[in-house]
Amino acid sequence: MLSRVADSLYWMSRYLERAENTARQLDVTMSLMLDTGGVSVASRWEHLVAALGKPTGLVRVEDSDQMTHNMVFDPLNPASIIYCLNGARENARQAREEISTEQWQRLNRLYHQIHSPNAQSQFEISVSDTLASVLDGIHLFQGVGGSTMIHGQGWQFIRLGRHLERAYATATLLEASVPDLASAQDRANSAYQYLDLVGILRGCTAFEAYCQVYTADVVPDQILEFLLLNHDFPHSIRYSVDNIRYAIEAIQRHGGRRAPELAAGVGKLHAMIEYSSIREILTGDAAAFLHTIREQCLRIHEHIYRNYVQYSIQSALTV
Amino acid sequence: MNASPTVAFDTLFGDYPLDSAYDEMRDASGVLRPPYQALAETLASLPADELQRRKQSADLSFLTQGITFTVYGREEGTERIFPYDMLPRLITAAEWNRIERGLTQRITALNLFLRDIYSDAKILADRVIPSELIYSCKHYRRQMRGLVVPRNVYVAVAGSDLLRLNNGEFVVLEDNLRVPSGVSYMLTNRRVMKRTFPQLFSSYGVKPIEHYPQLLLATLRALAPEGRPEPNIVLLTPGVFNSAYFEHTFLARQMGIELVEGRDLVTHDNIVYMRTTDGLKRVDVIYRRVDDDFSDPLVFRADSALGCAGLFNAYRAGNVTITNAFGTGLADDKAVYAYVPRMIKYYLDEDPILPNVETYLLSEEKDRRHVLQNLDKLVVKAVGESGGYGMLIGPHASKQKRDEFADAIRANPRNYIAQPTLDFSRAPCLFGDRLEPRHVDLRPYVLYGDKVQIVPGGLTRVALEKGSLVVNSSQGGGSKDTWVLE
């Protein structure tokens with residue numbers, strides 16, 4: 001596959017995952033702001049910005065309604081839904097031959113939906129409906145992709161992009177939430193605290209899944225364990241890292257260049273999660289652990305670039 | 001069957017003027033030409049809303065397939081659906097036979113001409129064509145001198161524009177020898193027409209065109225450099241903002257070849273590679289849809305980011321075939337065009353089967369005087385332009401516009417030619433539930449690899465605006481499916 005096309009598929013997927021993450025975090029933040037138990041609106045926004053990794057270009061404005069609007073419709077805010085969907089469509093256009101017509105039409109529809117004047121009026125009536133329809137659109141795209149696209153190299157680049165973005169986003173969210181989790185440990189079990197903790201889970205669509213594993217007994221340590229180390233939940237970091245590994249293996253199986261540094265980078269991240277217990281993580285510095293995960297993700301991204309997209313001609317000729 | 005359709009016929013032809021222009025459907029006395037009989041009967045037998053329903057379903061099909069082109073000069077990247085008329089344009093087997101022979105003769109002569117010009121230039125030494133005409137052409141590429149191209153094929157893909165004049169004869173209006181486009185519309189039109197009029201289509205016995213991508217692929221393969229039995233063939237596109245991007249993706253998909261942009265290519269030791277996730281992969285044949293100027297910043301325009309540095313040297317070294325070759329625009333220069341009949345005589349010793357349109361060269365003193373006096377009757381064209389840009393249609397232009405052109409001609413006569421305003425043929429188009437005649441041309445697609453091949457038909461372009469003579473898609477033209485009958 002052409003490197004440019006692989007790159008476009010990878011970024012299309014990352015942008016969609018990013019849009020999904022923003023939509024979910026924003027939805028959780030909006031609903032937490034309804035309960036004004038001790039936490040100010042301003043600090044809710046601070047937390048959201050931190051949970052999205054404080055991207056440059058995300059401007060914090062005082063007016064809460066304006067801020068909400070910006071998170072959805074500001075085309076200059078790199079975390080906004082519209083920015084991410086624009087990015088996804090532009091990349092899909094570059095890789096139009098690789099994705100199926102059904103995928104393209106789904107994505108196109110989502111793109112036109114967010115750009116239509118109707119989106120603005122729907123937003124005025126109900127922010128959460130707007131966010132829900134964005135999430136629906138993204139899920140439909142993923143479902144259609146799974147069942148209509150050939151699962152070759154291109155598909156693996158999509159998978160790689162999605163899970164790298166997701167692992168990074170989940171680690172970012174958890175890192176930003178470590179202080180909350182710690183303070184929840186000390187505080188008496190209050191209803192407000194419960195809402196906050198559930199918010200973290202809902203930000204990863206993990207509440208119901210968590211309940212299945214741990215019952216509705218919401219405990220900070222278990223939340224961290226679930227979102228970091230669960231084997232089977234698609235939004236846990238371990239699950240994403242496993243998928244990154246499989247995707248890279250599959251890319252090489254489909255003829256992709258051998259990439260020892262990339263394999264080493266992924267192996268390192270995998271080992272770090274595979275051989276850590278939640279006890280160790282909690283007795284050590286959990287925030288630092290999560291931060292390391294983020295750094296490893298960035299390094300893997302660089303290796304993907306160096307091996308598949310922008311490799312030097314010399315390195316390719318000697319192989 | 002005889003009596004009943006007349007009422008419906010009256011509705012269909014409610015306001016269908018016939019004048020001096022050749023009408024594709026009816027002769028001068030208004031009688032249907034024989035091939036159109038069945039079509040007219042079918043139309044007349046359908047309820048009016050049925051036609052509309054089919055039209056809507058056809059439109060929808062274009063829309064969802066994303067068959068669009070980009071109009072320049074408006075907002076950045078305005079995408080439009082290519083307007084499409086539902087009624088097929090019919091061409092009889094005998095007419096087609098003549099067109100096919102004429103175009104084969106023409107492309108053969110044009111390739112011999114390019115071979116000659118870029119090697120010994122005998123035709124200039126023999127004073128059949130004035131040298132200064134060639135060397136002053138902006139599409140002449142001195143870099144091509146002395147370069148041997150595979151099978152001596154410079155133009156592998158051509159899309160000549162034909163018109164039918166009052167006498168029913170086809171003439172060649174221009175040869176598009178650089179990067180002719182539109183073939184994807186020919187193919188998608190056919191696909192939609194088969195769905196829209198299945199019975200009619202099968203009752204007519206229409207010659208198939210669907211194998212065009214396969215023929216194109218075979219043509220490209222035939223031109224691969226020697227010693228590359230399994231050539232890697234790619235289509236080079238300028239990218240998503242090009243007006244014909246849809247066509248590039250379409251053809252690449254239909255041929256099963258990679259669609260590449262300049263930035264996907266790298267050259268090393270005069271070999272072209274494309275950058276893939278599997279490593280560098282050698283490229284053997286490039287079907288080029290990027291203009292000469294933008295293909296290689298080291299040789300042509302240095303400010304171009306669309307091409308690939310080093311491409312031309314790899315080409316010169318014979319390690320890659322790039323087709324059409326560079327510098328083919330020389331032979332479709334509108335002033336050089338005037339000499340094509342003489343080329344045919346010179347190289348093939350034959351008379352042209354398809355005549356040219358009478359053309360005045362404004363670099364000639366006598367022609368220029370005549371043209372400047374008769375600007376209101378003539379069409380003036382800039383020699384190096386295409387797509388209907390840089391053109392004056394005298395009878396339809398304002399006095400001011402004509403004066404502007406007169407000044408431009410005096411300033412740079414070599415840059416213009418003039419032709420009589422042609423009364424070319426019209427074909428019926430569907431507007432609401434009525435038929436109205438509109439001017440049409442015909443662009444068949446000619447392939448030249450190991451031999452000349454032309455799929456029967458081509459793209460019939462329609463000037464959809466009433467009375468308009470401009471059929472270019474960039475200027476509001478549309479298209480029709482073209483049925484060559486068995």
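Refer to the structure printed above.
This is a predicted model, so every value here is computed, not measured.

About the cut-offs
Residues numbered from 1 in each chain as written. Chains lettered and ligands numbered in written order. Predicted model: local features only at pLDDT ≥ 70, side-chain atom pairs only at ≥ 80, totals over all residues. Heavy atoms only, no water. Core = buried A, V, L, I, M, F, W, Y, C linked by side-chain atoms within 4.5 Å. Buried < 20%, exposed > 50% of the residue type's maximum accessible area, 1.4 Å probe, protein only. Contact = heavy atoms within 4.5 Å. Helix = DSSP H or I, 4+ residues; strand = E, 2+ residues; numbered from the N terminus. Lys, Arg positive; Asp, Glu negative; His and termini not counted. Salt bridge = Lys/Arg side-chain N within 4 Å of Asp/Glu carboxyl O. Polar contact = N/O pair within 3.5 Å; in protein donor to acceptor, adjacent residues only side chain to side chain. Buried area = accessible area lost by both parts, 1.4 Å probe. Nonpolar A, V, L, I, M, F, W, Y, C, P; charged D, E, K, R; others polar. Pairing = 2+ DSSP bridges. Right-handed = clockwise from strand over helix to strand, strands pointing away.

**Quick look at the nonpolar core**
Judged by nonpolar contacts, the single largest core of 209 residues is most densely connected at I293 of chain A together with F113 and Y212 of chain B. Every residue in contact with I293 of chain A, bar those within four places of it in the chain, is listed here: A171, L228, I237, L269, M272 and I273 of chain A. Counting 30 residues, the second-largest nonpolar core is a separate cluster that includes L39, L87, V206 and L485 of chain B.

**Some details on the side chain of D116 of chain B**
All names here are of chain B. Its location among the elements puts D116 in helix α4 (residues 93-117). In this structure D116 is buried but unpaired, with K122 as the nearest side chain of opposite charge at 5.2 Å. Within the structure, D116 has its side chain in polar contact with the side chain of Y347 (distance 2.7 Å). Contacts of D116, omitting those with residues within four sequence positions, involve A121, K122, I123, Y346 and Y347.

**Here we look at the interface of chain B and chain A**
Each partner contributes to the interface: chain B provides 23 residues, whereas chain A provides 25 residues. Of the roughly 2,100 Å² buried between chain B and chain A, counting both surfaces, carbon and sulfur atoms make up 49%. Seen at the junction of chain B and chain A, the total is three salt bridges. Where E261 of chain B meets R4 of chain A, a salt bridge forms, and the shortest distance between an N and an O atom there is 3.3 Å. Linking chain B to chain A there are 14 residue pairs in polar contact (both at pLDDT 80 or more). When residues of the side of chain B that touches chain A are traced back to their parent elements, those giving at least two are α10 (245-255), β8 (258-260), β9 (265-268), β10 (271-276) and β11 (279-282) of chain B. It is β10 of chain B that provides the largest number of residues to the side of chain B that touches chain A, a total of four residues. By residue class, the composition of the side of chain B that touches chain A is nine nonpolar, six polar and eight charged.

**A short note on the pairing of strand β7 (residues 233-236) of chain B**
Residue and element names in this part refer to chain B. Covered by surrounding structure in β7 are I233 and L235 together with V234 and L236, the residues of both alternating faces. Two strands pair when backbone bridges link them, and β7 and strand β12 (residues 285-288) are joined in this way by four bridges, in the parallel orientation. From the neighbouring strand, L236 faces β12, where its bridge partner is R288. As judged from the three bridges shared by β7 and β8, these two strands associate in the parallel manner. When the sheet's bridge partners are listed, L235 is paired in β8 with L259. Regarding the hand of the β-α-β motif, the stretch spanning β7, α10 and β8 is right-handed.

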